[in-house]
Amino acid sequence: MADLRHTHELAFAGDVVIKRYMDTKPGAAEREWRALNLLAEYAPGLAPEPIGYEDGVVTMSRIDGVPLRGLLAKTVHVAALVEALTELHTSVPPDVLQTVPLRPWQLEAVADWVRRRGASWEPRDPLADRAVKEGLRWLEGWSPGESGITPAFGAGDGNLANFLWDGVRVRIVDYEDSGRSDLAFELAEMAEHVSMWVDGEVEIAHRFELSPREERRLRECRKVHAMVWLFLLSREHPRNPPGTFRRQVERVLATLGA
C-alpha cells in the first residue's frame, strides 16, 4: 500500500547509491536487499545491482534514467513499462518465489485499513461522503477468496517515479515493500496509484493477458485500492495539482459503478 511517510535517506557517491532506512519501517532494508539479489540473479539489469548490506543500510549501483511520472505520453514508454512489470512479476522461478516472504499490506490488511478509515470519516461534502458510503457498503458484502490468484514477485509500490526510462528500456527502483504477492493485486495497485492518472490518464491493466478469474480479482482489488487513495488524498498535498481529491472521488464512484 502507498506509504506517504519518509522512510529512508539517500546518499550518492559516483555510481553508488547508499540507502539508509529509518527505524519506523521494520524489515524494509531486508526486503530491499532480498529483492535486489533475487532480481540480479533472475532479471539482471531490471533493478540496481546489490553491493552491500549492513545495519539497515543498503548499498547498490546507481541507475540513470528519467522517472515515468509525467513522462508517459508516448506508446513506447507504456510498452516498456508493461515489459518491465512482466519481467518483474514472472522472473523469479515458482519454487524460489515460494520461499520469499509475503510482501507487506496484502489485500486483507489493506481492506481492514480502508474499513478503519471509513469508520472514522467525518462528513465533508455530499459526493465525497457518498463515495465513502458506497465503498464501505461494497466492502461489507465482499470476500476476497482464493480465486484468480496467480503468484508473482511484487515491488510493492506503484508510483511511476520508481520506474526509470533510460532511452531503451524501463528499469525499476525502490523495493522496501517487495515480496511474494499475486498478479491481479500488483496490477491493481499500479493501475490505481495517483501517479497513473494525475498528470494524464494512463491505463495499463488491459495490456496484460489475464484469465476471467484474474480479471475479476483485478476489478475487486482496484476497488479497494481506489478507496485507499480516496482517504490518502482527502487532504490536498502540494505534490498533486488542486482538485486531485475531487477527481479521486469521481474515480471511486466510477470504479464502484455507483
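Refer to the preceding data block for the structure.
Enquirer: Hey, could you go over the pairing of strand E4 (residues 57–61) for me, with residue numbers and the actual values?
Expert: Burial runs high along E4: 5 of the 5 residues are buried. As paired strands, strand E2 (residues 16–21) and E4 are joined by 5 bridges and run antiparallel to one another. Paired with Arg-20 across the two strands is Val-57, which belongs to E4. Here strand E3 (residues 50–54) runs beside E4; their pairing, made up of 4 bridges, is antiparallel. Following the sheet pairing, Pro-50 is matched in E4 by Met-60. In this antiparallel pair of consecutive strands, E3 and E4, the connection spans 2 residues, and Asp-55 shows a positive phi of 50 degrees.

Enquirer: Which residues make up the packing of aromatic side chains, and what are the values?
Expert: Using the criterion set out here, one finds 4 aromatic pairs in the structure. Between Trp-33 and Tyr-53, the ring centres sit 6.0 Å apart and the planes meet at 20 degrees, which makes this aromatic pair stacked. Residue Trp-33 is located in helix H1 (residues 28–42), and its partner Tyr-53 is located in strand E3; the two are separated by 20 residues in the primary sequence. Taking relative accessible area as the criterion, Trp-33 reaches 22% and is therefore assigned partly exposed. A relative accessible area of 31% means that Tyr-53 is categorised as partly exposed.

Enquirer: Please set out the sheet that holds strand E1 (residues 8–13) residue by residue, giving values where relevant.
Expert: Reading across the sheet, the 4 strands line up as E1-E2-E4-E3 and stay open at both edges, with antiparallel pairing between neighbours. Every interior strand has two partners, whereas the edge strands, E1 and E3, have only one. Going from strand to strand, the sheet's axes swing by 15 degrees on average, the running direction of each strand aside. In this structure, E1 lies alongside E2, joined through 6 bridges in antiparallel fashion.

Enquirer: Give me the lowdown on the pattern of salt bridges, citing residues and values where you can.
Expert: In this structure the tally under the stated criterion is 15 salt bridges. Here Arg-103 and Glu-189 are joined by a salt bridge, their closest N and O atoms 3.0 Å apart. Here Arg-103, found in the loop between helix H3 (94–97) and helix H4 (107–119), pairs with Glu-189, found in helix H6 (residues 183–192); they are 86 residues apart in sequence, far enough to count as distant. The partner of Asp-125 in a salt bridge is Arg-246, and the shortest N-O contact between them spans 3.7 Å. Here the residue Asp-125 occupies a position in the loop between H4 and helix H5 (126–140), and Arg-246 occupies one in helix H8 (residues 244–256), the gap between them amounting to 121 residues. For Asp-125, a relative accessible area of 22% gives the class partly exposed. The exposure class of Arg-246 is partly exposed, given its relative accessible area of 42%. What emerges from the salt-bridge pattern is a single network uniting Glu-192, Glu-201, Glu-203, Arg-222 and Arg-251.

Calculation notes
- Residues numbered from 1 in each chain as written.
- Predicted model: local features only at pLDDT ≥ 70, side-chain atom pairs only at ≥ 80, totals over all residues.
- Heavy atoms only, no water.
- Buried < 20%, exposed > 50% of the residue type's maximum accessible area, 1.4 Å probe, protein only.
- Helix = DSSP H or I, 4+ residues; strand = E, 2+ residues; numbered from the N terminus.
- Pairing = 2+ DSSP bridges.
- Phe/Tyr/Trp six-rings, centres within 6.5 Å; stacked < 30°, edge-to-face > 60°.
- Axes fitted to C-alpha atoms, helices over the stretch in contact; angles between N-to-C directions.
- Salt bridge = Lys/Arg side-chain N within 4 Å of Asp/Glu carboxyl O.

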